[in-house]
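What the coordinates show
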Amino acid sequence: MRRNTHFSQVASRYLFQEIRERKRDFLQQYPHAELISLSIGDTTEPITPHICQGLTSISSSLGSEAGYMGYGPEQGILELRQAIATTLYHDRVDADDVFVSDGAKCDIGRLQTLFGPETSVALQDPAYPAYLDTSIIHRGRDSIILLPCTPENHFFPDLALAEKADVLFLCSPNNPTGALFSHEQLATIVQFAKDRKKIIVFDTAYSLYIQGDGPRSIYEIAGAKEVAIEIGSFSKIAGFSGVRLGWTVVPKELHYHSGEPVRADWMRLITTFYNGSSIISQHGGIAALQPAGMSEMRELVSFYLESTGLLLEAFKQLGYEVYGGIHAPYLWVRLQGKSSWDAFDELLRTAHVLTTPGIGFGESGDGFLRISGFGKRATILEAIGRLHRYRQ
Ligand code: PGU
């Protein structure tokens, strides 16, 4: 059989796999190096007690006659869908329009299948690499429009560039830049999509990290249900990157040009491609959204943001131009004239610190490094010490 030629248009390895390989090669050369990772955004703290109780109690009940369960509804347990709608969206969305998943990344891929092969997609540049790679694999590089988001345009895209796109993938607070759209900016984007009948996919994986009253959901903007799908994740807020749980909201108000509801196709797609998220994860999610779980998640998020704040101060003291780090657990650090892979290699060799090269998030990311604030506190402090030594 012939290869899907789009695979020749993506890098042979996914960004974080590439970094893992480089780490492995480095450790083969220097087996005693004690590497610190400020690279992949992965949580490090144990699952908190109330949420963990949700996971363990369902796990043990599965071993009893009365508690055993098989397949559940593909779109998720109603109690969890209701809790997401009420607790996270303050009933701005219907539980019925919340589709539980095994994580945001998995739904990003499934959404590409929903949009099909003819669609043109606009992406923020830089952006979480899964949007670009899944777009290319589905329909090739020519279908993609990049919207540069740099310090020069205050990380707000020139929407005129997206005129020909059918779908806009957007992320706020942004991975990797940490930029947060204001209510006014988001309202501008929603209006743009409404006027031109485009669909927005809005990724809120970091919404609980927002400080102050910035928009946590696109549905805070009036009329957004007519143009937007929203993706969420428990990975970064409950430490579920290994447990796997997320959701996608596809409102019944969202329609194609031809008038058919998008939600019906999403339902058709997930019931066909997917057999639902693990009921163990889903019960963890239910516990996470109870009052005790919510306060544990807030504490966890504060912990990671504090670490990010320490890194932010350190990079500033070292004289770097730094963005982000307030509403997201990432810093976006401008390198003084270096390419991002050169800076990545240099930090790895000299400080034994792993980072993520900005170019891995798109062309406009070259000349930047993304620094993750996820890590044990002692490790973050050790990394800061090494950065100071490395700059002297
Ligand atoms: N959306 C955004 C904006 C993300 O940053 C991430 C993870 C996800 C979705 C994935 O969420 P799940 O619910 O866990 O599937 N970003 C991390 C991990 C990288 C990766 O590709 O998985 C990061 O370092 O950017």
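Everything numeric here is computed off the predicted structure, so don't read it as measured data.

**A few points about the packing of aromatic side chains**
As enumerated under the stated definition, the model contains 21 aromatic pairs in all. Judged by centre distance (4.8 Å) and plane angle (70°), the rings of Y304 and F374 are edge-to-face. One end of the pair, Y304, is in helix α10 (residues 291-317); the other, F374, is in the loop between β13 (368-372) and α12 (377-391), with 70 residues separating them in the sequence. With respect to burial, Y304 and F374 carry one shared label: buried. Each member of the aromatic cluster is reached from another via a ring pair, and the members are Y206, Y209, F303, Y304, Y330 and F374. The ring of Y274 carries R110 above its face, with NZ or CZ at 4.0 Å from the centroid. Residue placement shows R370 over the ring face of Y330; its charged tip is 3.9 Å from the ring centre.

**Topic: the sheet that holds strand β9 (residues 321-324)**
Spatially, β9-β10-β13-β12 is the arrangement adopted by the four strands of the open sheet, whose pairing is antiparallel. A strand with exactly one partner marks an edge of an open sheet, and here the two such strands are β9 and β12 (356-357). Contacts between α10 and the sheet are confined to β9, β10 (330-334) and β13, with β10 contributing the most and set at about 10° to the helix.

**Examining the domain arrangement of the chain**
It is common to report an interface's size as the accessible area lost on association of the parts. As assigned here, the chain comprises domain 1 (5-47 + 293-391) and domain 2 (49-291). Computed from C-alpha coordinates alone, the two centres of domain 1 and domain 2 are separated by 25 Å. With 39 residues of domain 1 at the contact, the number on the domain 2 side is 52 residues. Of the roughly 3,700 Å² buried where domain 1 meets domain 2, counting both sides, 64% is carbon and sulfur surface. At the boundary of domain 1 and domain 2, one finds one salt bridge. Between E152 and R334 there is a salt bridge, and its shortest N-O distance comes to 2.9 Å. The tally of links from domain 1 across to domain 2 stands at 20 residue pairs in polar contact (both at pLDDT 80 or more). Looking at the side of domain 1 that touches domain 2, the elements with two or more residues in it are α1 (15-29), α10, β9, β10 and β13. The leading source of residues in the side of domain 1 that touches domain 2 is α10, at nine residues. Here the side of domain 1 that touches domain 2 is built from residues that sort into 22 nonpolar, 12 polar and five charged.

**Structural notes on the site of the ligand**
The full set close to the ligand counts 20 residues, and Y14, G41, Y206, S233 and S235 are the nearest of them. Taking A104, its main chain carries an N or O atom lying 2.7 Å from an oxygen atom of the ligand. Contacts to the ligand include R370, whose side-chain N or O atom sits 2.8 Å from an oxygen atom. A total of 550 Å² of accessible area belongs to the ligand in isolation, and the protein chains cover 94% of it. Where the shell around the ligand is concerned, the elements lending two or more residues are α4 (104-115) and α7 (235-238). Of the residues that constitute the shell around the ligand, the class distribution is 10 nonpolar, five polar and five charged. Shared between two domains, the shell around the ligand holds at least three residues of each, these being domain 1 (5-47 + 293-391) and domain 2 (49-291).

**Considering the environment of E18**
When you line up the elements, E18 lands in helix α1. Separated by 342 residues in sequence, E18 and G360 have C-alpha atoms that sit 9.7 Å apart. With residues up to four places along the chain from it excluded, the contact list for E18 reads R13 and W341.

Calculation rules
- Residues numbered from 1 in each chain as written.
- Predicted model: local features only at pLDDT ≥ 70, side-chain atom pairs only at ≥ 80, totals over all residues.
- Heavy atoms only, no water.
- Phe/Tyr/Trp six-rings, centres within 6.5 Å; stacked < 30°, edge-to-face > 60°.
- Helix = DSSP H or I, 4+ residues; strand = E, 2+ residues; numbered from the N terminus.
- Buried < 20%, exposed > 50% of the residue type's maximum accessible area, 1.4 Å probe, protein only.
- Lys NZ or Arg CZ within 6 Å of the ring centre and 35° of its normal.
- Pairing = 2+ DSSP bridges.
- Contact = heavy atoms within 4.5 Å.
- Axes fitted to C-alpha atoms, helices over the stretch in contact; angles between N-to-C directions.
- Domains from an automatic or database assignment.
- Buried area = accessible area lost by both parts, 1.4 Å probe.
- Salt bridge = Lys/Arg side-chain N within 4 Å of Asp/Glu carboxyl O.
- Polar contact = N/O pair within 3.5 Å; in protein donor to acceptor, adjacent residues only side chain to side chain.
- Nonpolar A, V, L, I, M, F, W, Y, C, P; charged D, E, K, R; others polar.
- Near = heavy atom within 4 Å.
- Areas by Shrake-Rupley, 256 points an atom, 1.4 Å probe, with all protein chains shown as cover.

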